[in-house]
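Okay, here's what each chain looks like letter by letter:
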Amino acid sequence: MPEVLSTLLTRAPVMLIYQPRTHSATGQTIGVARRQALANSSTLIVEDDGIGDLSAAASWSLGTQFPDRTLHVRSFSKAYGPDLRLAVLSATADMVKRIQSWRNFGVSWTSRILQDAVAWLLEDEATQQQIATAREVYHQRRVQLRQALAQRGLVLPPRDGLSLYIPVVSEQFAMITLAARGIAVLPGERCRLGPTQFIRVSIASLKDEQREMIAEALVIASGREASVRADL
């Protein structure tokens, strides 16, 4: 939130870590008005573009306002293959040189073969068509699961990404309930600071024949049915 960011910036933080388009945990995408309101940073900005080309939203960087202190990191692992473990960063020449120096004195290094592979994939027309197809397939899986949940009374806002953000009454109850049905999800406690509890449900490999069963289990796990009975 812009007002919260402004307050925190008065404490002179070392850096601001920011996801410039689809947020990996919640699927939220920041709109134009919010982006403009955020453009008051006075510290180093590190942008984490984790989903990359699988995002339905275009990449927007605070580097347009603060080119001298924005470091943008775009990952290719989700879109082009997790085995690549590869990302590209852009920043000022001084920042890039310092990062290269730190890496040269550590155990980190990046395979030249993998770099060449990604460079080839980025220019290969067939690969780019596959990326576009994958983006649409993930979108459809996300929409269809949301529809199945809505039919059962659990309405979620349309968002982006490879997972659904589902508020729950209790993360522990949700995890146990889903595990008993052979469904693994990620608890929201790893991705939140506030009291709101939620789970992250991946839609990346969701199969059509599983959708209804999973939707039914998610509604139960959310605690919504128990809440409705309590209200009655």
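Attention here is on the structure that accompanies the text. In this text the structure is predicted, and so the values were computed from the model without any measurement. (Residues numbered from 1 in each chain as written. Predicted model: local features only at pLDDT ≥ 70, side-chain atom pairs only at ≥ 80, totals over all residues. Heavy atoms only, no water.)

Side note on the sheet that holds strand β3 (residues 70–75)
No. 1: Pairing is mixed in the open sheet, where four strands are placed in the order β1-β2-β3-β4. This sheet does not close on itself; its edge strands, each paired only once, are β1 (15–18) and β4 (87–90). Strand-to-strand, the axes of this sheet are offset by a mean angle of 15°, without reference to chain direction.
No. 2: When strand β2 (residues 44–49) meets β3, the two strands line up parallel, connected through five bridges. Pairing of Val-46 across the sheet is with Leu-71, part of β3. (Pairing = 2+ DSSP bridges. Helix = DSSP H or I, 4+ residues; strand = E, 2+ residues; numbered from the N terminus. Axes fitted to C-alpha atoms, helices over the stretch in contact; angles between N-to-C directions.)

Observations concerning the side chain of Ser-77
No. 1: Within the secondary structure layout, Ser-77 lies in helix α3 (residues 77–80).
No. 2: The class for Ser-77 is buried, based on a relative accessible area of 10%.
No. 3: At 3.2 Å, the side chain of Ser-77 and the backbone nitrogen of Leu-86 are in polar contact.
No. 4: Contact partners of Ser-77, with chain neighbours within four places excluded, come to Pro-82, Leu-84, Arg-85 and Leu-86. (Buried < 20%, exposed > 50% of the residue type's maximum accessible area, 1.4 Å probe, protein only. Polar contact = N/O pair within 3.5 Å; in protein donor to acceptor, adjacent residues only side chain to side chain. Contact = heavy atoms within 4.5 Å.)

Considerations on the packing of aromatic side chains
No. 1: Taken as a whole and judged by the stated rule, the model has two aromatic pairs.
No. 2: Taking 5.8 Å as the distance between ring centres and 65° as the angle between the ring planes, the aromatic pair formed by Phe-76 and Tyr-80 counts as edge-to-face. Each member of the pair Phe-76 and Tyr-80 is classed as buried.
No. 3: Relative to Phe-198, the ring of Tyr-165 has its centre 4.4 Å away and its plane inclined at 35°; by these criteria the two rings are tilted. Note that Tyr-165 is positioned in strand β5 (residues 163–167) and Phe-198 in strand β7 (residues 198–202), a separation of 33 residues in sequence.
No. 4: Judged by relative accessible area, Phe-198 falls into the buried class, the value being 3%.
No. 5: Just above the ring of Tyr-165 sits the side chain of Arg-159; from NZ or CZ to the centre is 5.1 Å. (Phe/Tyr/Trp six-rings, centres within 6.5 Å; stacked < 30°, edge-to-face > 60°. Lys NZ or Arg CZ within 6 Å of the ring centre and 35° of its normal.)

Brief notes about the packing of helix α5 (residues 112–123) against helix α6 (residues 125–150)
Between two packed helices, the angle of one axis relative to the other and the distance separating the axes together describe the packing.
No. 1: One way to put it is that α5 packs onto α6 with a least axis distance of 5 Å and a crossing angle of 80°. As the angle between them shows, α5 and α6 are arranged roughly perpendicular. Together, Trp-120, Leu-121, Leu-122 and Glu-123 of α5 and Glu-125, Thr-127 and Gln-128 of α6 make up the contact between the two elements.
No. 2: Grouping the amino acids of the contact of α5 with α6 by side-chain chemistry returns three nonpolar, two polar and two charged. (Parallel < 35°, antiparallel > 145°, perpendicular 65-115°, else oblique. Nonpolar A, V, L, I, M, F, W, Y, C, P; charged D, E, K, R; others polar.)

A look at the nonpolar core
No. 1: Grouped together as the largest cluster of nonpolar side chains are 34 residues, with contacts concentrated most on Leu-145, Leu-149, Leu-164, Ile-166, Leu-178, Ile-199 and Leu-218.
No. 2: Only α3, α5, α6, β5, α7 (171–179), β7 and α8 (211–222) provide two or more residues apiece to this core.
No. 3: Once residues lying within four places of it in the same chain are set aside, the contact partners of Leu-164 are Arg-142, Leu-145, Arg-146, Leu-149, Leu-156, Ile-199, Arg-200, Val-201 and Ile-203.
No. 4: Formed by ten residues, the second largest nonpolar core is a distinct cluster that contains Leu-9, Ile-30, Leu-38 and Trp-60. (Core = buried A, V, L, I, M, F, W, Y, C linked by side-chain atoms within 4.5 Å.)

What about unusual backbone geometry?
No. 1: A positive phi is found at Ala-12, a non-glycine position, where the angle reads about 55°.
No. 2: If you trace the backbone, Ala-12 turns up in the loop between α1 (2–9) and β1.
No. 3: Under the relative-accessibility criterion, Ala-12 is labelled exposed at 61%.
No. 4: Of note, the phi angle at Arg-85 is positive, near 50°, even though the residue is not glycine.
No. 5: Tracing the chain through its elements places Arg-85 in the loop between α3 and β4.

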